[in-house]
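Here is what each chain is made of, one letter per residue.
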Amino acid sequence: MTLTVTRTRRLSGFKPTGHLHLGNLLGALRPMAAAQHDHDSIALIADLHALTVEHDPQTVRALTREQATVMLAAGVDPARTAIVVQSQVPEHTELHYLLECATGHGEAARMIQFKEKSAGGGPVRLSLLTYPVLMAADILLHDIREVPVGDDQRQHLELARTLALRFNARYGETFVVPEAVRPESAARIMDLADPHAKMGKSGAAGAGRIGLLDPPELVRRTIARAVTDTAGVVRHDPDAQPGVTNLLEILAGCTGTPPGPLGSYAALKREVTDAVEAALAPIRARHAELAADPGYVAEVLADGAARVRDTARATVRRAREAIGLLG
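These notes cover the structure that comes with them.

Quick notes on the rules
Residues numbered from 1 in each chain as written. Predicted model: local features only at pLDDT ≥ 70, side-chain atom pairs only at ≥ 80, totals over all residues. Heavy atoms only, no water. Helix = DSSP H or I, 4+ residues; strand = E, 2+ residues; numbered from the N terminus. Buried < 20%, exposed > 50% of the residue type's maximum accessible area, 1.4 Å probe, protein only. Salt bridge = Lys/Arg side-chain N within 4 Å of Asp/Glu carboxyl O. Axes fitted to C-alpha atoms, helices over the stretch in contact; angles between N-to-C directions. Parallel < 35°, antiparallel > 145°, perpendicular 65-115°, else oblique. Left-handed = near helix turned anticlockwise from the far one by under 90°. Contact = heavy atoms within 4.5 Å. Nonpolar A, V, L, I, M, F, W, Y, C, P; charged D, E, K, R; others polar. Phe/Tyr/Trp six-rings, centres within 6.5 Å; stacked < 30°, edge-to-face > 60°. Expected span 1.5 Å × (residues − 1). Bend = angle between axes of the 7 residues up to and from the residue. Arc of directions from axis to C-beta.

Some points on the environment of Pro238
Inspection of the secondary structure assignment puts Pro238 in the loop between helix 8 (216-224) and helix 9 (242-255). Classification of Pro238 by relative accessible area gives partly exposed; the value is 47%. A C-alpha to C-alpha distance of 9.4 Å links Pro238 and His196, two positions 42 residues apart in sequence.

Given below as structure tokens:
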């Protein structure tokens, strides 16, 4: 079987380990919605990755459904972008094993997340060591040419590229070799309580996180408490004023334009609050409509899995044949 791919396909992945937040909207969901008109796109809800650490099964299922619903509410068009739950396409795990047979232990062990979590002591699941190979399978399975990534995920994409090139060299042309892309509109949003840390879906307190479904009062309170500094000047200076800079980045990301002059931190926070609420209000409203019709969301997910199935099966057939398995 030969490899023939003509379309440019993009994949963005989301792990259901917490509620999607403002950083996800500005850094991933909006750029994905904007690019879906020009690319064959896949939005992957990587529920298998949520099993690499201690978890509650019901919570994983609930967050998987919630993420799909929020994606739709945020403008991901299921007619243009296949929304796929990873575990509903079993070829992900089959290709994972085949790629493990071409991966060295040291390559997996040097991945930053495994190093950080294993260094903390306590039990470490084997899946945490091997999940970067599953992430490579997620990409290579769907003949992905472009993967939007931030700096924190570049190491994982490089492993996917390494494995694709190695497999192709050893066993014949099997995989499309993906490239990293950084959408121009993507933003890196930091935690409002700790502007040196990226805003995340989970955390001990969540005081600096704005969830996409947070009510207006919680949004206002979170922004009002955002860390600034004692300089008293509103300016974009990531090194000297990371908190103020983060607020300016959020304002620009929500409005799509550079902010005008703002004389005080209080005025900046008011502007940011208004801009964030304007961005989130329609998402909350649309989410409420979709959540009231879970059958529709289930249909979207079933359709997404069906749309990628032929490509997934063809990729696994190529890999099985190339590596030496019977048909």
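The rest of the description comes next.
Re the pattern of salt bridges
If you walk through the whole model with that rule in mind, you get 15 salt bridges. Glu54 is the salt-bridge partner of Arg125, the closest N and O atoms lying 2.9 Å from each other. A residue pair is termed long-range when its members are at least 10 positions apart, and Arg125 in the loop between helix 5 (112-119) and helix 6 (126-140) and Glu54 in the loop between strand 2 (40-45) and helix 2 (57-73) qualify at 71 residues.

Things to note about the packing of helix 1 (residues 22-35) against helix 9
Packing of helix 1 against helix 9 leaves a shortest axis separation of 11 Å and a crossing angle of 50°. Relative to helix 9, helix 1 is oriented oblique. As for the relative orientation of helix 1 and helix 9, their crossing is left-handed in sense. Counted together, Leu22, Leu26 and Arg30 of helix 1 and Ile250, Gly253 and Cys254 of helix 9 form the full contact between these two elements. Of the residues belonging to the contact of helix 1 with helix 9, the class tally is four nonpolar, one polar and one charged.

Let's talk about the packing of aromatic side chains
Scanning the entire structure with this criterion turns up two aromatic pairs. Here a set of aromatic residues connected by ring pairs shows up, and it is made of Phe167, Tyr171 and Phe175.

Some details on helix 10 (residues 265-291)
Here helix 10 spans 37 Å end to end across 27 residues, near enough to the 39 Å set by a 1.5 Å rise per residue. The principal kink in helix 10, of about 30°, is found at Leu280, preceding the proline Pro282 by one to four residues.

Here's the deal with helix 8
For helix 8, the full list of buried residues reads Val219, Thr222 and Ile223. Down the axis, helix 8 shows its buried residues gathered within 95° of arc, on one side only. Contacts from the buried residues of helix 8 go to helix 9 and helix 10.

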